[in-house]
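Listed here are the chains, written in short residue letters.
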Amino acid sequence: MSERVQQALAVFEKSLDRRLLAALEVCARCGICAESCHVFAAEPDFRNAPAAKAEAVRRFYRRVHDPIGRLFPWWVGAKDLSEADLEELAEIAFGACTLCRRCTMNCPMGVDTALIMRAARAMLTAVGKAPEMLTQLADAAIAREENLEFFREFYIDQIRELERELQEQTGDPDARIPVEKAGAEILYVALSGAHTILPAAVLFHAVGADWTLSLFEAANYGYFLADLQRAKAIARRIVDEARRLGVKEIILAECGHAYTVLRWEAPNWFDDFPFRVRSIIEAAAEWIQQGRLPLDPSANPEPVTYHDSCNLGRNGGLLEEPRIILRAVVQDFREMSPNRAENFCCGGGAGLVAVPEWYEKRMRAGRRKVEQIRQTGARIVVASCDNCRLQLGDLSEYYGLGVRVSGLMDLVVNAYLAARRMKATAPVAPTWVHAVEPA
Amino acid sequence: MEMKPDLTLDLKGLLCPMPVVKINQAIKNVPIGGIIEAYATDPGVMADIPAWCRSTGNELVTIEKQDKVIRFVVRRLK
Ligand code: SF4
Ligand code: SF4
């Protein structure tokens, strides 16, 4: 057994907690999960079935942990892990599973195949078999903190320019995008890009929020690698910043895995975590329900459908909030079928969109999603996650769907600015301006 | 004076993490010591490209704003 295989197995052994043991032990091989997986639904090859993917791990698990597997491996399909198996496992755990957990929801035994795939990702990352791009993006995020002094000035300079756009959009020359504001109530953590900063800034301005923009981005590629050390290092930058500024709440940009990391995982990683974490989706839904945002849905007249990101919806519980928002800001909202917790993954999750050599793979995996979108007849597909947005944009191009992909907050801002314009020109508030009674 | 680039990339309109992904792909197509010049519009690159250079051991020759476009030059060192 090579040193690399030994090291991989040692990492795997360490990750064997009760949840993982249950996932490895209880599969009844009924095959029900197959149809629930978007990868299988797009390409019905038995190797794409969740249970078959998990089998690549169970084989070497049984070789060590099953008494029969130790004595008569052929009897129970047990097998020693080899170097070649590591290559195959990387294709499966990183390339053929987006950790979406739709199979888990549909498994009568509740087998968490995604957890098994995460354990595989962890051991592969430890022995250098993870996709290079994911590793580089995780390391670059860590380097961003180490290099803070270098980029701070550039970054703030960029933010000042965005501030000018904010002032134009809001018509308020005093509108600000505060950075490193000590004592602010909210630390807003955007993604690396203006598209997640400006719409949020407009909405914070609209409700008069006391906020400050994080110097760091919400994305966490360490989490996709299932590398706890890297994932924590990336999350720690934000947690430290929130502590340093003394904020009460962290609000996250529209991002699926960042929500999983900071809302659900990070509070267990750090002892001192004295703030609430919400997605901007939750905050916006609340502002709408409180009647704090005047909205004119006629600003978004085209048919719109919503793609539930797996991390936000099925795994994060944000199922109704996006719908509260959409019903208030667009004229023609159409559900995909299935939706909410049963929605299909777009096929680009868990880091797949960032791995260029898997482009064809993810285009194939997105076929079921393309059918779902087509059936709605929508012209705009909303996704509250940059990973999903990239994948949906690529799918639209690849399959000639001709849809525009948008974030949720972009549509909220359209409706808000239209309502403001109308208010500014009309002597009396028009009756069609949407206002929801406080909840 | 700056050297002539071996490759020029148009990354305008691309959102995170695509500028980094594209640079990572492109750097393999220039020889060690070779230069890539790129143009992007997303402000995230101001932070992401220096961080990527640092973590991969490549050299960031320059990064500058030219009106709404960000120009940067990277030299392959590995
Ligand atoms: S994972 Fe669940 S649904 Fe799939 S084969 Fe095993 S028991 Fe059946
Ligand atoms: S987690 Fe999602 S992608 Fe992975 S096997 Fe299950 S359904 Fe398929």
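Chain B is annotated in an unreviewed UniProt entry as Sulfurtransferase TusA from Candidatus Thermoflexus japonica.

Where an unreviewed UniProt entry is consulted, chain A appears under the name Lactate utilization protein A, with the organism given as Candidatus Thermoflexus japonica.

> Describe in detail the site of ligand 1, supporting the description with residues and values.
All residues adjacent to ligand 1 are Cys-27, Ala-28, Arg-29, Cys-30, Gly-31, Ile-32, Cys-33, Ala-51, Cys-107, Pro-108, Met-109 and Val-111 of chain A. Taken together, the residues of the shell around ligand 1 break down into ten nonpolar, one polar and one charged.

> Break down the packing of aromatic side chains for me, citing the residues and quoting the values.
Residue and element names in this part refer to chain A. For the coordinates displayed, the defined rule picks out 14 aromatic pairs over all chains. Measuring from centroid to centroid gives 5.0 Å for Phe-273 and Phe-275, while their planes differ by 65°, and the two rings are edge-to-face. Here Phe-273 matches Phe-275 in class, with each residue buried. Note on Tyr-398 and Tyr-399: the rings are 4.9 Å apart at their centroids and 65° apart in plane angle, and the pair reads as edge-to-face. Judged by relative accessible area, Tyr-398 falls into the partly exposed class, the value being 37%. Following the ring pairs from residue to residue traces out a cluster consisting of Tyr-188, Phe-204, Trp-211 and Trp-287. The ring of Tyr-155 carries Arg-144 above its face, with NZ or CZ at 5.4 Å from the centroid. The ring centre of Trp-264 lies 4.0 Å from the NZ or CZ of Arg-263, which sits over that ring.

> I'd like a description of the sheet that holds strand β8 (residues 404-406) of chain A, backed by residues and values.
Residues and elements named next belong to chain A. Across the sheet, four strands lie side by side as β6-β5-β7-β8; this open sheet has parallel pairing. Of all strands in the sheet, those with a lone pairing partner are β6 (332-334) and β8, marking the two edges. Strand after strand, the sheet turns through a mean of 30° between neighbouring axes, direction not considered. In terms of strand pairing, strand β5 (residues 303-307) meets strand β7 (residues 380-383) through four bridges, oriented parallel. Residue Tyr-306 lies in a different strand from β7, and its bridge partner there is Val-382. Where helix α16 (residues 321-329) meets the sheet, it contacts β5, β6 and β7, and its direction lies at approximately 170° from that of β5.

> Describe the environment of Ala-226 of chain A, with residues and values.
All names here are of chain A. Its place among the elements puts Ala-226 in the loop between α12 (221-224) and α13 (228-245). Relative accessible area serves as the criterion here: at 15%, Ala-226 is assigned to the buried category. A sequence separation of 188 residues divides Ala-226 from Asn-414, and the C-alpha atoms of the two residues are 38 Å apart. Among residues more than four places away in sequence, those in contact with Ala-226 are Arg-118, Arg-121 and Ala-122.

> Hey, could you go over the interface of chain B and chain A for me, with residue numbers and the actual values?
Each side of the interface is counted separately: chain B has 27 residues, and chain A has 26 residues. Interface of chain B and chain A: buried area, both sides summed, is about 2300 Å²; carbon and sulfur atoms make up 64% of it. Connecting chain B to chain A are four salt bridges. The tally of links from chain B across to chain A stands at six residue pairs in polar contact (both at pLDDT 80 or more).

> Requested: an account of helix α14 (residues 256-269) of chain A, with residues and values cited.
Residues and elements named next belong to chain A. The end-to-end C-alpha separation of α14 is 19 Å, in line with the 20 Å expected for 14 residues at 1.5 Å each. Of all the bends in α14, the greatest measures close to 30° and is centred on Leu-262. Those residues of α14 that sit buried are Gly-256, His-257, Ala-258, Tyr-259, Thr-260, Val-261, Leu-262, Ala-266 and Trp-269. In this fold, the buried residues of α14 make contact with α12, α13, β3 (249-252), β4 (276-279), α15 (280-289) and α19 (386-398).

> How would you explain the domain arrangement of chain A if you had to name every residue and give the values?
Residue and element names in this part refer to chain A. What the domain assignment lists for chain A is domain 1 (3-129), domain 2 (134-289) and domain 3 (297-422). In this structure, domain 1 and domain 3 have C-alpha centres spaced 30 Å apart. Domain 1 puts 19 residues into the contact, and the matching count from domain 3 is 20 residues. For the domain 1 and domain 3 pair, buried surface summed over both sides reaches about 1600 Å², with 56% attributable to carbon and sulfur atoms. It is His-38, Thr-98 and Arg-102 that lose the most area in domain 1 upon contact with domain 3, and together they represent 33% of the buried surface on that side. Our count for the contact surface shared by domain 1 and domain 3 stands at three salt bridges. A salt bridge links Arg-364 to Glu-43, with the shortest nitrogen-to-oxygen separation between them at 3.0 Å. Counting the contacts that link domain 1 with domain 3 gives ten residue pairs in polar contact (both at pLDDT 80 or more). Residue assignment for the side of domain 1 that touches domain 3 shows that the elements contributing at least two residues are α3 (38-42), α6 (83-93) and α7 (102-106). With four residues, the top contributor of residues to the side of domain 1 that touches domain 3 is α3.

Conventions used here
Residues numbered from 1 in each chain as written. Chains lettered and ligands numbered in written order. Predicted model: local features only at pLDDT ≥ 70, side-chain atom pairs only at ≥ 80, totals over all residues. Heavy atoms only, no water. Near = heavy atom within 4 Å. Nonpolar A, V, L, I, M, F, W, Y, C, P; charged D, E, K, R; others polar. Phe/Tyr/Trp six-rings, centres within 6.5 Å; stacked < 30°, edge-to-face > 60°. Buried < 20%, exposed > 50% of the residue type's maximum accessible area, 1.4 Å probe, protein only. Lys NZ or Arg CZ within 6 Å of the ring centre and 35° of its normal. Pairing = 2+ DSSP bridges. Helix = DSSP H or I, 4+ residues; strand = E, 2+ residues; numbered from the N terminus. Axes fitted to C-alpha atoms, helices over the stretch in contact; angles between N-to-C directions. Contact = heavy atoms within 4.5 Å. Buried area = accessible area lost by both parts, 1.4 Å probe. Salt bridge = Lys/Arg side-chain N within 4 Å of Asp/Glu carboxyl O. Polar contact = N/O pair within 3.5 Å; in protein donor to acceptor, adjacent residues only side chain to side chain. Expected span 1.5 Å × (residues − 1). Bend = angle between axes of the 7 residues up to and from the residue. Domains from an automatic or database assignment.

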